[in-house]
Amino acid sequence: MATGAELPSPRDMNPDAIAMRHLQQGVCLWSDDGRVITCNMAFAHDLGLPAESIMGLKAADLLEKAQRHGALIGWELGSGPVKAKPLATLGGLHLVCSDGRVLAAVDSPVAEGGAVSLLKDVTEFRRTLQALTQARDKAAAADQSKSRFLRAANHDLRQPLASLKILVYSCLVTESEEERKHALHAMEVSVAIMEDLLGSLLNIGQLDAGKIEPSIGTFQVSSVLSRLNIQFAHRAREKGLDLRIVPSKLAVVSDRVLLERILSNLVGNAIRYTDVGRVLVGCRRRGRHLRIIVADTGIGIAPEHHQAIFEEFYRVSDSQPNASHSLGLGLNIARRLSDILGHPMGLDSALGHGTTFFIDAPIGNVWHSGTGEPEISERIGGEFAGLCCLVLEDDKMLREALTAMLERWGLSVVTIDDFDNAAKAVMALPEQPDIILTDYRLRGRIQGTDLVGQINDVLEKPCPALVMTAETAPDVVGSIKSQGFPLLIKPVSPPSLRVVMHNLLFEPELMGEVP
């Protein structure tokens, strides 16, 4: 074999040398002292060097030269043992090429002395191995997360469940009406705790399954802030906290439901970990973004925990009494939802000095808000202004809430309480209704659909009516639909209610067949 600086011509080469030269895999022959004797064209091409420049080089010099010329990014040991002595050949190395390939060098000894290095493309194998390794690590992490989840859920759900069992027993055996009321209230609290825990588990499950897709639109942030006040005002009062929510007239570009879920988790977390003082929710302009802040006067968070608190099931200290009835998922859910929305989120806190969480949402044009947006449609639209609605609902709290919402929509609201003498009660109303909203089951086993018929006889006109019910039995739903009434299942969504009311009053032809 030639030992000079040039590859021998085919006339001077034996058949084996000719075959080696034309192999598609790179092949290199090394001398006993670790220098290149000869190589084929594929080997020279893989290293990005002229063949004649390779001859006589040692392995280390060959790799450095190939790297200087840009063909190699680097090299690393493969699965073989780590070599403590300087490289004699390329055997055992993985060459990382600039074109993305990875070539494994495999050595075979030569009887006459020296060795042959064969370059094998292991790019796909490496990618597959990396994917399998990542999948294994992900599965292991998921298994650990599942174990933490089961331990946390088992512990935190058992506590209110155990309380419920004791409270039920107390209600059955006590003869004191006061003690019974106290036990019923405590049962309500326990059920609410379980509901919150299960809601968190559902949210985290949806996130893990990748089933949450944002629906981006422009809306006034006041619609979210007002709902937060309704949701948390009672809880704050029970703890003796001052919940202050500062109104804002600005609009944001986001997903209203997801943004409200983020802020609900932040406000709930603030109330949970604040024993004295207040929780403040407000907004502040920051360039083209609106920073929504949730600040409390609670226990605060030490700097070393600022990142960890966003992890699943993380609690700064399980010994804190405030940590009870929480799986440690609220902040994790908030962070993951903020990532989905692309809204930066962070906090400013010090131990013993309270905590301020914030999320930045792009500011939008208020006039681009959706037509279903409460602040726009209620205060500017005025489509129901001057109309009267008769509400037939025997639940006082629900009736008052419904009345307040309808009045915000511009309607005047009238009600009757004597369902047994509906005709007389309707005749005594200060104004005749333009639309009727009725519950299906009213006090005294009276059906709202029957009551509507009696009222229309008194009014001597067909007044459009909408039926609401919490019953979903097929026979009940079928009965209501067969009588021609549009039906909404409780809890009724305000946007859905508004759409049906609009169609009943202004575009009845859109109702078509009652859904």
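Residues numbered from 1 in each chain as written. Predicted model: local features only at pLDDT ≥ 70, side-chain atom pairs only at ≥ 80, totals over all residues. Heavy atoms only, no water.

Enquirer: Any chance you could explain the packing of aromatic side chains here in plain terms?
Expert: Under the definition given, this model contains 2 aromatic pairs. Note on Phe 384 and Phe 506: the rings are 6.1 Å apart at their centroids and 15° apart in plane angle, and the pair reads as stacked. Here Phe 506 lies in helix α15 (residues 494-506) and Phe 384 lies in the loop between α10 (374-381) and β14 (388-392), a separation of 122 residues in the sequence. Put simply, the rings of Phe 384, Trp 409 and Phe 506 touch in pairs and so form one group of aromatic residues. In this structure, Arg 291 is placed above the aromatic ring of Phe 358, and the distance from its NZ or CZ to the ring centre is 3.7 Å. Positioned above the aromatic ring of Trp 409 is the side chain of Arg 498, whose terminal nitrogen or guanidinium carbon lies 4.9 Å from the ring centre. (Phe/Tyr/Trp six-rings, centres within 6.5 Å; stacked < 30°, edge-to-face > 60°. Helix = DSSP H or I, 4+ residues; strand = E, 2+ residues; numbered from the N terminus. Lys NZ or Arg CZ within 6 Å of the ring centre and 35° of its normal.)

Enquirer: So what exactly am I meant to see when it comes to unusual backbone geometry here?
Expert: Excluding glycine, a negative phi dihedral is what most residues carry, and trans is how most peptide bonds are arranged. Positive phi is not limited to glycine here, since Glu 460 has a value of about 60°. With respect to the helices and strands, Glu 460 occurs in the loop between α13 (448-459) and β19 (465-469).

Enquirer: Quick question: what am I supposed to make of helix α7 (residues 222-238) here?
Expert: Along an α-helix, residues three or four apart share an orientation, since each turn contains 3.6 residues. Between its terminal C-alpha atoms α7 stretches 24 Å, which fits the 24 Å expected from 17 residues at 1.5 Å a residue. At Phe 232, α7 shows its largest kink, close to 45°. Among all positions in α7, only Ser 222, Ser 223, Val 224, Leu 225, Leu 228, Phe 232, Ala 233 and Ala 236 are buried. Looking at the residues trailing α7, positive phi occurs at Gly 240, about 75°. (Expected span 1.5 Å × (residues − 1). Bend = angle between axes of the 7 residues up to and from the residue. Buried < 20%, exposed > 50% of the residue type's maximum accessible area, 1.4 Å probe, protein only.)

Enquirer: Would you mind going over the nonpolar core with me for this structure?
Expert: Taken as a class, soluble globular proteins show a tendency for nonpolar side chains to be buried jointly. Among the nonpolar cores identified, the biggest contains 37 residues, and Leu 228, Leu 263, Leu 266 and Val 294 are the most heavily contacted of them. Those elements giving two or more residues to this core turn out to be α7, β8 (242-245), α8 (256-272), β10 (278-286), β11 (289-296), α9 (330-341), β12 (345-349) and β13 (355-364). Not counting chain neighbours up to four residues away, the residues in contact with Leu 228 comprise Ala 233, Ile 245, Glu 260, Leu 263, Ser 264 and Val 267. By size, the runner-up hydrophobic cluster in this structure holds 26 residues, among which are Cys 388, Leu 429, Ile 455 and Cys 463. (Core = buried A, V, L, I, M, F, W, Y, C linked by side-chain atoms within 4.5 Å. Contact = heavy atoms within 4.5 Å.)

Enquirer: Help me out: how do you make sense of the packing of α8 against α9 in this one?
Expert: In helix packing, the relevant descriptors are the interaxial angle and the interaxial distance, both defined with respect to the helix axes. Put simply, α8 and α9 touch, their axes get as near as 9 Å, and they point 150° apart. As far as their axial angle goes, α9 and α8 are roughly antiparallel. Crossing angle aside, the handedness with which α8 passes α9 is left-handed. Taking contact as the criterion, the partners of Leu 258, Leu 259, Arg 261, Ile 262, Asn 265, Leu 266 and Asn 269 in α8 are, on α9, Gly 330, Leu 331, Ile 333, Ala 334, Leu 337, Ser 338 and Leu 341. Here the residues of the contact of α8 with α9 are counted per class, giving 9 nonpolar, 4 polar and 1 charged. (Axes fitted to C-alpha atoms, helices over the stretch in contact; angles between N-to-C directions. Parallel < 35°, antiparallel > 145°, perpendicular 65-115°, else oblique. Left-handed = near helix turned anticlockwise from the far one by under 90°. Nonpolar A, V, L, I, M, F, W, Y, C, P; charged D, E, K, R; others polar.)

Enquirer: Before we go on, may I ask you to explain the confidence of the model for the chain in this structure?
Expert: Low-pLDDT stretches of the model should not have their predicted coordinates read in fine detail. The share of residues in the chain with pLDDT of 70 or more is 77%, and the mean pLDDT across the chain is 79. Ranking the helices and strands of the chain by mean pLDDT puts β11 first, with 95, and α10 last, with 43. The low-confidence segment residues 80-86, where pLDDT is below 50, has 3 contacts with residues more than four positions distant or belonging to other chains. Every residue in residues 371-381 is under pLDDT 50, and counting partners more than four places away or in other chains gives 20 contacts. (pLDDT = per-residue confidence, 0-100.)

Enquirer: Can you walk me through the side chain of Thr 355 in this structure?
Expert: Relative to the assigned elements, Thr 355 resides in strand β13. A distance of 2.8 Å separates a polar atom in the side chain of Thr 355 from a polar atom in the side chain of Ser 349. In this structure, Thr 355 is in contact with Val 294, Ala 295, Asp 296, Gly 300, Ile 301, Leu 347, Asp 348 and Ser 349, ignoring residues within four places of it in sequence. (Polar contact = N/O pair within 3.5 Å; in protein donor to acceptor, adjacent residues only side chain to side chain.)

Enquirer: How should the sheet that holds strand β5 (residues 102-109) be read in this particular structure?
Expert: Adjacent strands of a sheet pair through backbone hydrogen bonds, lying either parallel or antiparallel. Here we have 6 strands laid out as an open sheet, ordered β2-β1-β6-β5-β4-β3, and antiparallel in their pairing. With one partner strand each, in any of the chains shown, β2 (36-39) and β3 (72-77) form the two edges of the open sheet. With direction set aside, neighbouring strand axes in the sheet form an average angle of 25°. With 3 bridges joining them, strand β1 (residues 27-30) and β2 adopt antiparallel strand pairing. Directly across from Leu 29, in β2, lies its bridge partner Thr 38. Its contacts with the sheet put helix α4 (residues 59-68) on β1, β2, β3 and β4 (93-97), and the angle it makes with β3 is roughly 145°. (Pairing = 2+ DSSP bridges.)

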